[in-house]
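Take a look at the letters that make up each chain.
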Amino acid sequence: MKITMNLAEQQSIIKLWTILQEISEQVLLLENDDAYIELPKIPRGIYLQKWLDILGEDITEETIMGERALLINALCRREVIDFEEELSSAIRFIKTSKFNKFCKEIESKYNAIPKDYKIKITAKMPLRDKKGNNLITRDRYGDYHFNEKKVVMNKETTYYQIFDILFLEGEQSGFLSYEEIEKALTKRGYPESKTDESRNKRINNAIFNKQQGLFRFAKINSKRLENKLPNGQQLIELIRGKGLKINNPKA
């Protein structure tokens, strides 16, 4: 039976097929059909590229998050997935017994879409959309660059989250108090510290601990990121008893 769809229906099917593939990949990696799946609110890698192709290269993160939220809600209503909870940067759920059948239905419709309408995935240079004239920049994927060289960091770590918070939310001077950093961390799903001492220790260790901190694991061209800028300043300063300060001079 031939399937006919208008352009709006075709785009909806492409979006659905994209997110179903992303979920299926996680299921495959987990090797457990009953395991909880955590789908990031902002997709990564090839899936982010696909969304940029579908919605447009200049689309905002908020728009992508909104589109994905609508799809997740639709999958929940159809009982294809069973929603568990919303985290700071991800949505947790499990797939139901209807998931595989639904995937086959969407795949059939996706294959019926003319090839010339399907948008091919192409690699794009990330936009340096945050403080683009400074030594440290952040692209739309949440990746950081030091003097145009990518800083390799694990985005699931506390050190990355704190660095990201400092960069995005710091005052004009770069300073952010322990209280403000803690508040931002809890918004991202971290448990609130029981005491000010434990709060400060967690934040400082994430950045300065020689065995577990930022400057132990963040790398540029396979070399550790140093807490020293070309002008002699520290990249991140400890303002004792108050908070941290990120220095980001003009490039």
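Before any of the text, the structure's been laid out above.
Just so it is clear, the structure is predicted and the values come from calculations on it, not from any experiment. (Residues numbered from 1 in each chain as written. Predicted model: local features only at pLDDT ≥ 70, side-chain atom pairs only at ≥ 80, totals over all residues. Heavy atoms only, no water.)

Chemist: Is there a simple way to explain the overall build of the protein in this structure?
Modeler: Looking only at helices and strands, the protein has 8 helices and 12 strands in total. Out of the 251 residues in the protein, the part that is buried amounts to 41%. Within the protein, counting contacts between residues at least 6 apart in sequence, those at least 24 apart form 55% of the total. Accessible area for the protein stands at about 15,000 Å²; split by element, carbon and sulfur atoms hold 48% of it. (Helix = DSSP H or I, 4+ residues; strand = E, 2+ residues; numbered from the N terminus. Buried < 20%, exposed > 50% of the residue type's maximum accessible area, 1.4 Å probe, protein only. Contact = heavy atoms within 4.5 Å. Areas by Shrake-Rupley, 256 points an atom, 1.4 Å probe, with all protein chains shown as cover.)

Chemist: Any chance you could explain the nonpolar core here in plain terms?
Modeler: Generally speaking, nonpolar side chains in soluble globular proteins are found buried as a group. Membership of the largest hydrophobic core comes to 32 residues, with the highest contact counts inside it found for L214 and I236. Elements with a contribution of two residues or more to this core: β6 (144-146), α5 (158-169), α6 (178-187), α7 (196-208), α8 (214-217) and β12 (243-246). No other element matches the 7 residues that α5 contributes to this core. In this structure L214 touches M153, Y159, F163, A206, I207, L225 and I236, once residues within four positions along its chain are discounted. (Core = buried A, V, L, I, M, F, W, Y, C linked by side-chain atoms within 4.5 Å.)

Chemist: When you look at the sheet that holds strand β2 (residues 81-86) in this model, what are you seeing that I'm missing?
Modeler: Paired through backbone hydrogen bonds, the strands of a sheet run either parallel or antiparallel to each other. Ordered in space as β1-β3-β2, the 3 strands form an open sheet in which the pairing is antiparallel. Taken across any chain shown, the strands that pair with only one partner, and hence form the sheet edges, are β1 (37-40) and β2. Neighbouring strand axes in the sheet, compared pairwise and without regard to direction, differ in orientation by 35° on average. As defined by bridge partners, β2 adjoins strand β3 (residues 90-95) across 5 bridges and the pair is classed as antiparallel. The partner of D82 across the bridge, within β3, is I94. In the packing of helix α1 (residues 7-30) onto the sheet, contacts are made with β1 and β3, and the angle to β1 comes to roughly 140°. Of the strands in this sheet, β1, β2 and β3 touch helix α3 (residues 61-77), which is tilted by about 130° from β2. (Pairing = 2+ DSSP bridges. Axes fitted to C-alpha atoms, helices over the stretch in contact; angles between N-to-C directions.)

Chemist: Hey, could you run me through unusual backbone geometry in this one?
Modeler: Trans peptide bonds make up the majority, and among non-glycine residues the majority have a negative phi. At E148, a position not held by glycine, the phi torsion is positive, near 75°. In this structure, E148 sits in the loop between β6 and β7 (149-151). For N221, which is not a glycine, the phi torsion comes out positive at approximately 50°. Residue position: N221 is located in the loop between β9 (219-220) and β10 (223-224).

Chemist: Please explain the sheet that holds strand β11 (residues 236-239) as it appears in this structure.
Modeler: Pairing within the open sheet is antiparallel, and its 3 strands lie in the order β8-β12-β11. Each edge of the sheet is formed by a strand with only one pairing partner; in this case those strands are β8 (175-177) and β11. For this sheet, the mean inter-axis angle between neighbouring strands, taken without regard to orientation, is 25°. Summarising the sheet, β11 and β12 pair through 4 bridges and their orientation is antiparallel. Among the inter-strand pairings, I236 is bridged to a residue of β12, identified as I246. Across the sheet, α5 lies against β8, β11 and β12, angled at about 70° from β12, the strand it touches most. Sitting on the sheet, α7 touches β11 and β12, and the angle it makes with β11 is about 150°.

Chemist: Is there a simple way to think about the packing of aromatic side chains in this case?
Modeler: Each pair of aromatic rings is reported with the distance of its centres and the angle of its planes. Here the structure, examined in full by the defined rule, presents 5 aromatic pairs. Plain terms: the ring middles of Y144 and F163 are 4.9 Å apart, the flat faces sit at 90° to each other, and that makes the pair edge-to-face. Residue Y144 is found in strand β6, and its partner F163 is found in helix α5; the two are separated by 19 residues along the sequence. The class of F163 is buried, set by a relative accessible area of 3%. Aromatic ring contacts, followed pair by pair, group Y144, Y160, F163 and F167 into a single cluster. Looking at R216, its charged tip hangs above the ring of F217, at a distance of 4.8 Å from the centre. (Phe/Tyr/Trp six-rings, centres within 6.5 Å; stacked < 30°, edge-to-face > 60°. Lys NZ or Arg CZ within 6 Å of the ring centre and 35° of its normal.)

Chemist: What should I look at first to understand the packing of α1 against α3 in this one?
Modeler: Two measures define how a pair of helices packs: the angle their axes make with one another and the distance between the axes. Axis separation between α1 and α3 bottoms out at 11 Å; the angle between their running directions is 80°. Taken as axis vectors, α1 and α3 run roughly perpendicular relative to one another. Residues K15, L16, I19, L20, E22 and I23 of α1 form the contact with α3, whose participating residues are E67, R68, L71, I72 and L75. For the contact of α1 with α3, the class distribution of residues is 7 nonpolar, no polar and 4 charged. (Parallel < 35°, antiparallel > 145°, perpendicular 65-115°, else oblique. Nonpolar A, V, L, I, M, F, W, Y, C, P; charged D, E, K, R; others polar.)

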